Structure formats: C-alpha cells, structure tokens
There are 2 protein chains.
Amino acid sequence: MNLLIKGIDVVPSADAPVLRGADIGIAGDRILFVRQDAGGGSGGEAPPPRDFRPDRVLDGSGRLAIPGLVNAHCHAAMTLLRGYADDLELETWLYEKIFPAEARMSDEDIYWGTTLGVAEMLRGGVTCFNDMYLKMENVASAIRDAGIRAAVSIGPLLTEKRGDALVDTEGCKAFFKRWGGAAEGRLRVNMEIHSVFLYQPETLIAGARLAKELGAAIHIHLLETATERRNMLEQRGKSSVFLAAGYGLLDVPVIAAHCVHADDDEIALLREKHVSVAHNPSSNLKLASGVAPITKMLKSGVNVCLGTDGAASNNTLDLFREMRLAALLHKGISGEPTAVTAAEAFRMATRNGAEALGFSETGGIEPGKKADLAILSLDKPHLTPIYDHLSALVYAARASDVETVIVDGKVLMENGALTTIDEEKAKYMVARYAQKNMN
Amino acid sequence: MNLLIKGIDVVPSADAPVLRGADIGIAGDRILFVRQDAGGGSGGEAPPPRDFRPDRVLDGSGRLAIPGLVNAHCHAAMTLLRGYADDLELETWLYEKIFPAEARMSDEDIYWGTTLGVAEMLRGGVTCFNDMYLKMENVASAIRDAGIRAAVSIGPLLTEKRGDALVDTEGCKAFFKRWGGAAEGRLRVNMEIHSVFLYQPETLIAGARLAKELGAAIHIHLLETATERRNMLEQRGKSSVFLAAGYGLLDVPVIAAHCVHADDDEIALLREKHVSVAHNPSSNLKLASGVAPITKMLKSGVNVCLGTDGAASNNTLDLFREMRLAALLHKGISGEPTAVTAAEAFRMATRNGAEALGFSETGGIEPGKKADLAILSLDKPHLTPIYDHLSALVYAARASDVETVIVDGKVLMENGALTTIDEEKAKYMVARYAQKNMN
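A quick note: this is a predicted structure, and the numbers were derived from the prediction, not measured. (Residues numbered from 1 in each chain as written. Chains lettered and ligands numbered in written order. Predicted model: local features only at pLDDT ≥ 70, side-chain atom pairs only at ≥ 80, totals over all residues. Heavy atoms only, no water.)

Quick notes on helix 15 (residues 423-438) of chain A
Residues and elements named next belong to chain A.
Turning to step 1, where the next piece is worked out: Over its 16 residues, helix 15 extends 22 Å from the first C-alpha to the last, a length consistent with the 22 Å expected when each residue adds 1.5 Å.
Turning to step 2, where the next piece is worked out: The set of residues buried in helix 15 consists of Glu423, Ala426, Lys427, Met429, Val430, Tyr433, Ala434 and Asn437. Taken around the axis of helix 15, the buried residues stretch over an arc of 165 degrees, which confines them to a single face.
Turning to step 3, where the next piece is worked out: Buried residues along helix 15 sit in contact with helix 1 (90-103), helix 2 (107-123) and strand 19 (417-418). (Helix = DSSP H or I, 4+ residues; strand = E, 2+ residues; numbered from the N terminus. Expected span 1.5 Å × (residues − 1). Buried < 20%, exposed > 50% of the residue type's maximum accessible area, 1.4 Å probe, protein only. Arc of directions from axis to C-beta. Contact = heavy atoms within 4.5 Å.)

Listed below in structure tokens is the structure:
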C-alpha cells in the first residue's frame, strides 16, 4: 500500500529544519520521499518518483507531521490499576494495593489492559514502546493485534529457587524464538532483569550470560529510590550501577529505567557502557522517588530517552506530558532556564528512544526510515500562534491534538478513530477487571 | 433561563462525596438544586421544586460535572507571545524579547490576545481567572464580551515620577467605577501592585492607602526569584513579604503570585495576614525560579490557589496541567508521596481560588452558588477505569476532556463549540500580531 500525505508541515526530527507544506510519500512500510514545494515551486527539488502511485492520499493542510513518539519504559497493562492507589506511602502502595491487585489479573485482563494502554498511546502519537510486565504472551499478542511497534521484555529470573533453576533458560529461549522479530518485525524481545536488588549475584550473573548468548538487550529498573541505593551500599558494598557492571549486565545493550539516584561516577559508567536511561519524570515525582540528574546525563553524553512508567504511577501513558515535564522540571531544579531545551526533550522522546530500543530505522521522518509518524492538528487556540514548532510540540501540544497515526506504513488511527483496536471492548474489559478490586 | 443537566456524575467540591447519576437544576445564574435519584428511587430525596421548568435539558450520561476551575494568576493576552521566547536566560527573555514585543501590542492586539486566552481557558474548564497586564480596558472588554468571570487588576503605580504623581489615583478610581461589578457582576477589579522591588517605599505606601480607600484587593508578584529575595535583603534590609507588610500592602485582601522563596517566618506572616498565594508551578519551573514551599504553606493553613501565569512562560492556560503538576511536584521534592493529594490540588484549583478572588459564591456545585461549572466526558481510554473521580481529574484528565462549560448560568461552550467567542477571528488576529514579532 502506497500512501501520500499532501501539503503538510513536517518536523522531521529534533535536529532538522521544519518543512512547510511538504509531501510525504510512503511505500509499504517505509518513507519513500519527503519533499517541499510539490507543485514544482521555488524549492527546486526533484519531483516524486514517476512510478509512485498512491493508493490513498491524506490531506495535510493545517496539520503537522512528527516522528511517532517512543515510550521507553512502560507497563501498559497497568491501565488496569489507573487511579487505584494514589497518594500513599510506597510500601503501602506496593504491598497492600498493587501486588494483591496484580495477583487478581487473568491472561485476558493483561491482554485487554495492554490493548487499552496501546489505544491510549496511539491516541497520543506513540508509535513504539518498551514494555515489562506479567504474562507477557498476552502483552505480545495485544501488540501484534494492535499493529503498534514494541519491545517486550521476558523475565527469565526466578525469585525463588526451584530445584537449581535460578534462571528459566528454556522458557526464555522459547519466548525469544516465538516473538523475536514477529509481527512483520514490529516486535523485539528484551530480557527483563527487574532490578539488581531483587536477585542474588549468581542469578544476575547467569541472567547476564543468557542475555549475551541470545544477543538480547536488557531492560532493568536501576537506582529508582534512595532506599535501593542505601541498601545496596550496605548489603553489597557498591551501588546498583557498579554492581550491574560487575555482574556483566552492562555488556549488552541496556535500557535502564529511572537512574534517579545516580552520582557522577555512576553517570560516567552509564556513559562508558552505552547504557540508555529511560527517564520517567511523572512517576518519579508521584512515587516521591526524586528527580533524576538528567541535565548532567545529557552533558555527559548518556542516551536519555523518555517513559511514562505504568498508569498506576503516572496515571496516563501520555508522552506529550513527559516531554513537557522533562523540559520544565530540570530547569526549575537546576536553576538554569536553558536546561533540557524543547529540542532535547523532543529528541529524548523520538530518536533517543528509537535507538535505545533497537529500532534505529524509526525515530525520524526521512526517506528510507520506517513509516512511523503522527499527524497533529495545529488549528487550536492553545497552539496559536506558532513561532517555533518544537516549542509548540513540547510546551503547548497535548496528546489530544493527535489526529492520525501511522505505524509501519499502516494507518492505525485516522481523524481520531482507531482502525485496529476494539476500543469499546477494551474499555469495557478494563472496567470489568476494576470491579474485582472495588468489591 | 432555566437549565437542567440530567443523569450526570457530580464532584460537588474537593470535600464532598461524588454523586452518581444526579440532576443539576440551574435557575438564572444560580444552582437551584443538585439531587441524586431523580426518578424517586432509593435515595429518598425530595423531588425538584414543582415550579421548576427547564428551558433546556442537557444529557449528562457518561459525563462528569465539576466546579469551574479558577486560574488565580494569569496574563491572558500573553497568548500573543506563546512560544515566542523559550529556553533563554531570564534577563535575555525579559529585556530582549518580552518587553520589546509588548511595546508592539496595540489595544486591538490586547483585546484579541485576551479573547484567545479566554477561549483556551473555557475549553479547559476554567470559568474564572485573575488577570494582570497592559491596557486593561481591552482586557475587561474582552472578558465582558466572552461571558467568563474574572478579576482584572488595574495598576495605579507609576514607575517614573511625573511631577509629584507617583500614583494615578484618578485613573484608578475611574477604572474601578467603570468596571467594578460590571458585566452582571462577573467582573471585579483588583489593584495591581506589580511587585515590591519595582517601586520606592513611598509609592507602595500610597498604593496601599489607595487600595484601602477603594476596598480593593491587591494582586502582586511576591518572591518569585532568589534574586528578588537577595536584592531586597541587601537594599532594604528585609525580604519582600516583610517589606509588603510594613508598607501596609497586606492590610487588604491580597493574591500574591509565586512566593517561591518564602521561608518559614514569611509563610507564618502570609498566614497571619490571610494572604492567598497563587502557585504557578509550570512557570516557576520554566523560568528556573524554583519550587515554592507549597507543602509547608498548606500545613500552615495558607490559602493556596493555582495559576498558569502567562502563555509566554507556561506555554498554555491549562489548569488541568497545573493541578497535576502541583500534585506530582511537591511529592517528588519533599520525598513524601502523601504531599499535595488529589483533593488538595483540586481544592486549590476551585474553592481556594474562588475565595482568593472574592468570588466566594462560586467554586462548588451546591444549591445557592453561582452556576459556574464544567462538564467532562469520561468515555476515554485515559480515563478508564475510574476508581476515584478526584484521582481521575487530577492525575489523568486533560483540558480536552471538557465538553461543556457554564458560567453564571449561561452555556459558553457546548459539546466543544464556543457560543460567545469568534474563535476563528481570535486565532487570526493573534497570528497576525505574531507576524510583527517574526519580521
């Protein structure tokens, strides 16, 4: 299927100039051309390929195309617990509310919770995400069915010894075989190492070995809380980042969520090991974990991307909010109004996330890239006037400004209507699960 | 005109239980009744008054009614400068960008800039705001024409001596006479005392005397930056709060914007003088001013309300964002996940703001109150499920979830369409002004 988007403003990436009234040609799953002055005007650019015949043409006037946003750390099915437990102490939240509620989740709940999360993300211009949760078969199935792009994390580490099996090597390999590269390549499989503090060193070392053997990236929670930092220093003599390096966990590509309490030496090590840090500002604030040293990380050259975390601690999956919050928060905390510019926040939410997740063929609107993009309406009071498109995107735009979303060349939302997801059923099924927690 | 909203969920205030499937009766500009079980069901409540005949009936099913939000500190016409200057040092921002651009604003620009701001606020459920800016005749006219409720601040203090006139007493009195209580009582007039640092003590003392004479509230910027605090201590030996008290500025009702750098003694004085603090978390972060000690203020019993500040430093007029940010930020900063609960944030954005602005007949959905309310659609993925309505409102809802807005008993937005504002013209006129800055 060939698609032509006509006469649209385009932010190709955080680093390329805005194109006005351009045409975007999509052939199959890839962007074939992006050109200004399609009418042969002053731009002097080459006409589109003669053999390009669009099957569909979308009108882009008054609209803006941006690369699809990448949610680099998420537990999509936690939409099931959106608003279930707020304003509580962390221990109460986790042990009295979240864990018991998760024990009540069926395969079907996870499938529909994930589906609702994907619906919400698509509506907010997210075309790719990085998920870690329970019963991952159901998560992967929901992603396959919805048509979005994602990395799913399978967790082979067992918290209790079952015989001598600390690591479920076979289960993990089977999941990799079944889902790695599935759904026309839209699915990647990462290895979940939930965290350093949850496992004994020998288990983590075995996990690192398995990741290396499978060529898998690792998705881990790292230094989320001051308690984790303190406990690891007391119990193992080092903080989680140095421990992770010692166990071999940083010898493969790593997406480390949070890193709220990383000091300068740890930031240097994250940089040296090419670890991607998934920053989740809403969740870190809401759970009172603190504020990650993102300004320092960016200066050090760490690849920082953005995540929402789960809806139990956000309470949405809205990357526009995370971009804006990241850009505001680090100015206020550092006292530097130039910290985390609009371009930096947008880069974190697009290219940096795509690179972190191993989807480097996405993250920008450029010929040859996969066609993952979102189209926003600009005709709104809160987006008027526009002096600068990146400023409008980061400081003013909302998820609800997204009208149309394309993933892998397929239109998954058109003018606000989802094309692949039964949204009414997803809302119904999630509300039905919520009844279990309320009764 | 009598209005009946049928079968709607209602959050009457931050402190009252949610009503489900209730009816709201509005007679003229006031709420006549709010009752559950309109069908004479199990609630056992009295039926609506026999003589109540609605002229219009709105269907409330699947929707939620909330008190209209109150934006307690705003420069609405700064929509003209939305996105004009971001990610800059404060001095550069103010002196090289904002001040020269303001010098290019005509009466017409201010009128349409304010109108666009009001359109944006109505779309986001704001029914009342507190404005301070230039050429206030135009601001007041725009408010009158739009039908929203507002306090406008007239600034009688002159920064330069013109003869012996430090205070424009006559101009100020004339504005009060013309606009105080105008537009069916929707308009109040405050006195703008821009800040303590901008004027000499004798001017401020004269301003305080005039405010007392007129019975006016004072709208002031107080302790926004560390620089202000340091300068006043160095130059006048006290910080701005104690100086303001000494000049007599705190002897009338005061709405003090920001108070980012208030220490414990100053918080105690703000409490003692019944000063209302307008917290503007987005703007304080974006301009790198810091984080106001809101948790302490709330504990001390200070009346804290919420504001957006102007669109040049926000970059929107979206009080849903400010509620969420206030609830998240102070948890993350204080390390206490119970700081600024959803109910506290919602109270700040409703009742506390209404009280601060002298509109105590608004701020709740209760019989006898003025009919200022917003109706949201709940049928959205990001609002599913709902375990708790206040959580959904503060942590998950967006301005774009607002469908219908009523101010003073009049429907100013219905199903997303504004009824009093020529929104296309407002967008056009603001975009036209922006051309002046871009050329």
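Focus on the state of the cysteines
Turning to step 1, where the next piece is worked out: Tallied over the full model, the rule gives zero disulfides over all chains.
Turning to step 2, where the next piece is worked out: In this structure Cys259(A) is not part of a disulfide, and its nearest cysteine sulfur, from Cys305(A), lies 9.9 Å away.
Turning to step 3, where the next piece is worked out: A relative accessible area of 0% means that Cys259(A) is categorised as buried.
Turning to step 4, where the next piece is worked out: Note on Cys74(B): no disulfide assigned, nearest cysteine sulfur contributed by Cys128(B) at a separation of 11 Å. (Disulfide = S-S within 2.5 Å.)

Looking at the sheet that holds strand 8 (residues 149-154) of chain B
All names here are of chain B.
Turning to step 1, where the next piece is worked out: The strand order across the open sheet formed by eight strands is 6-7-8-11-12-13-14-15, and the pairing between neighbours is parallel. Edge positions in the sheet fall to strand 6 (69-74) and strand 15 (303-306), since each of these pairs with one other strand and no more. This sheet shows a mean twist of 25 degrees between the axes of neighbouring strands, independent of strand direction.
Turning to step 2, where the next piece is worked out: Taken together, the four bridges between strand 11 (residues 187-195) and strand 12 (residues 218-222) define a ladder with parallel strand orientation. Note that in strand 12 the partner of Ser195 across the bridge is His221.
Turning to step 3, where the next piece is worked out: Strands in contact with helix 11 (residues 319-334) are strand 6, strand 7 (126-132), strand 14 (276-279) and strand 15; relative to strand 6, the strand with the most contacts, it is inclined by about 80 degrees. (Pairing = 2+ DSSP bridges. Axes fitted to C-alpha atoms, helices over the stretch in contact; angles between N-to-C directions.)

Quick notes on the relation of the copies chain B and chain A
Turning to step 1, where the next piece is worked out: For these two chains of identical sequence, chain B goes onto chain A by a turn of 180 degrees and a shift of 0.0 Å along the axis, with RMSD 0.0 Å. Read as a symmetry element, the transformation amounts to a two-fold axis. Identified as the residue of chain B closest to the rotation axis by C-alpha distance is Ser400(B), at 3.3 Å.
Turning to step 2, where the next piece is worked out: The fraction of interface residues of chain B whose copies in chain A are also interface residues reaches 100%, indicating that both copies meet through the same surface. (Least-squares fit on C-alpha atoms with pLDDT ≥ 70 in both.)

Points about the interface of chain B and chain A
Turning to step 1, where the next piece is worked out: Listed as interface residues are 66 residues of chain B and, on the opposing side, 66 residues of chain A.
Turning to step 2, where the next piece is worked out: Of the roughly 5000 Å² buried where chain B meets chain A, counting both sides, 59% is carbon and sulfur surface.
Turning to step 3, where the next piece is worked out: Contact with chain A buries area across many residues of chain B, yet Asp87(B), Pro381(B) and Tyr387(B) alone supply 16% of it, more than any other trio.
Turning to step 4, where the next piece is worked out: At the boundary of chain B and chain A, one finds six salt bridges.
Turning to step 5, where the next piece is worked out: A salt bridge links Arg398(A) to Asp318(B); the shortest N-O distance between them is 3.3 Å.
Turning to step 6, where the next piece is worked out: At the boundary of chain B with chain A, the tally comes to 33 residue pairs in polar contact (both at pLDDT 80 or more).
Turning to step 7, where the next piece is worked out: Among the elements of the structure, helix 2 (107-123), helix 9 (281-286), helix 11, helix 14 (389-396) and helix 15 (423-438) of chain B are those that each provide at least two residues to the side of chain B that touches chain A.
Turning to step 8, where the next piece is worked out: Taken together, the residues of the side of chain B that touches chain A sort by class into 30 nonpolar, 16 polar and 20 charged. (Buried area = accessible area lost by both parts, 1.4 Å probe. Salt bridge = Lys/Arg side-chain N within 4 Å of Asp/Glu carboxyl O. Polar contact = N/O pair within 3.5 Å; in protein donor to acceptor, adjacent residues only side chain to side chain. Nonpolar A, V, L, I, M, F, W, Y, C, P; charged D, E, K, R; others polar.)

Remarks on the pairing of strand 18 (residues 410-414) of chain A
Residues and elements named next belong to chain A.
Turning to step 1, where the next piece is worked out: Relative to strand 18, strand 17 (residues 402-407) runs antiparallel, the two being bridged by three bridges. In the strand pairing of strand 18, Val407 is matched with Lys410.
Turning to step 2, where the next piece is worked out: Two strands pair when backbone bridges link them, and strand 18 and strand 19 are joined in this way by two bridges, in the antiparallel orientation. Bridged to Met413 within strand 19 is Leu418.
Turning to step 3, where the next piece is worked out: Between strand 18 and strand 19, which pair antiparallel in sequence order, lie two residues; one of them, Asn415, sits at a positive phi of approximately 50 degrees.

Observations concerning the sheet that holds strand 13 (residues 254-258) of chain A
Hydrogen bonds between backbone groups are what pair the strands of a sheet, and the pairing can be parallel or antiparallel.
Residues and elements named next belong to chain A.
Turning to step 1, where the next piece is worked out: Strand order in the open sheet made by the eight strands is 6-7-8-11-12-13-14-15, with parallel pairing throughout. Strands at the two margins of the open sheet, each flanked by one partner only, are strand 6 (69-74) and strand 15 (303-306). Averaged over all adjacent pairs, the angle separating strand axes in this sheet is 25 degrees, with direction ignored.
Turning to step 2, where the next piece is worked out: Across three bridges, strand 13 lies against strand 14 (residues 276-279) in parallel orientation. Within the sheet, the bridge partner assigned to Ala257 lies in strand 14 and is Ala278.
Turning to step 3, where the next piece is worked out: Each of strand 8 (149-154) and strand 11 (187-195) is contacted by helix 4 (residues 169-179), which is oriented at about 150 degrees to strand 11, the strand it contacts most.

Some remarks on the pattern of salt bridges
Here the idea is simple: oppositely charged side chains can pair when their charged atoms come close.
All names here are of chain A.
Turning to step 1, where the next piece is worked out: With the rule as written, the count across this model stands at 60 salt bridges over all chains.
Turning to step 2, where the next piece is worked out: Here Asp251 makes a salt bridge to Lys212, at a shortest N to O gap of 3.7 Å. Residue Asp251 is found in the loop between helix 7 (240-246) and strand 13, and its partner Lys212 is found in helix 5 (residues 201-214); the two are separated by 39 residues along the sequence.
Turning to step 3, where the next piece is worked out: For Asp251, a relative accessible area of 41% corresponds to the partly exposed category.

Points about the environment of Leu158(A)
Turning to step 1, where the next piece is worked out: With respect to the element layout, Leu158(A) can be found in strand 9 (residues 157-162).
Turning to step 2, where the next piece is worked out: A C-alpha to C-alpha distance of 54 Å links Leu158(A) and Gly7(A), two positions 151 residues apart in sequence.

With respect to the packing of helix 2 of chain A against helix 15 of chain A
When two helices pack together, their arrangement is captured by the angle between the axes and the distance separating the axes.
Residue and element names in this part refer to chain A.
Turning to step 1, where the next piece is worked out: Two elements in contact, helix 2 and helix 15, have axes whose closest approach is 9 Å; the angle formed by their N-to-C orientations is 130 degrees. Taken together, the axes of helix 2 and helix 15 lie oblique to each other. Crossing hand, helix 2 versus helix 15: left-handed. On helix 15, the residues that touch Glu108, Asp109, Trp112, Gly113, Thr115, Leu116, Ala119 and Arg123 of helix 2 are Glu423, Lys425, Ala426, Lys427, Met429, Val430, Arg432, Tyr433 and Lys436.
Turning to step 2, where the next piece is worked out: For the contact of helix 2 with helix 15, a count of residues per class yields seven nonpolar, two polar and eight charged. (Parallel < 35°, antiparallel > 145°, perpendicular 65-115°, else oblique. Left-handed = near helix turned anticlockwise from the far one by under 90°.)

Describing the domain arrangement of chain A
Residues and elements named next belong to chain A.
Turning to step 1, where the next piece is worked out: When cut into domains, chain A gives domain 1 (2-67 + 363-418) and domain 2 (69-356).
Turning to step 2, where the next piece is worked out: Domain 1 and domain 2 are separated by 30 Å when their C-alpha centres are compared.
Turning to step 3, where the next piece is worked out: Across the contact, 29 residues belong to domain 1 and 30 residues belong to domain 2.
Turning to step 4, where the next piece is worked out: Counting each side, the surface lost to burial between domain 1 and domain 2 is near 2400 Å², with a carbon and sulfur contribution of 64%.
Turning to step 5, where the next piece is worked out: For the pair domain 1 and domain 2, the number of links is four salt bridges.
Turning to step 6, where the next piece is worked out: Counting the contacts that link domain 1 with domain 2 gives eight residue pairs in polar contact (both at pLDDT 80 or more).
Turning to step 7, where the next piece is worked out: Elements with a contribution of two residues or more to the side of domain 1 that touches domain 2: strand 5 (63-67), strand 16 (373-377), helix 14 (389-396), strand 17 and strand 18.
Turning to step 8, where the next piece is worked out: Here the element with the most residues in the side of domain 1 that touches domain 2 is helix 14; it accounts for five residues.
Turning to step 9, where the next piece is worked out: Counted by class, the side of domain 1 that touches domain 2 contains 20 nonpolar, four polar and five charged residues. (Domains from an automatic or database assignment.)

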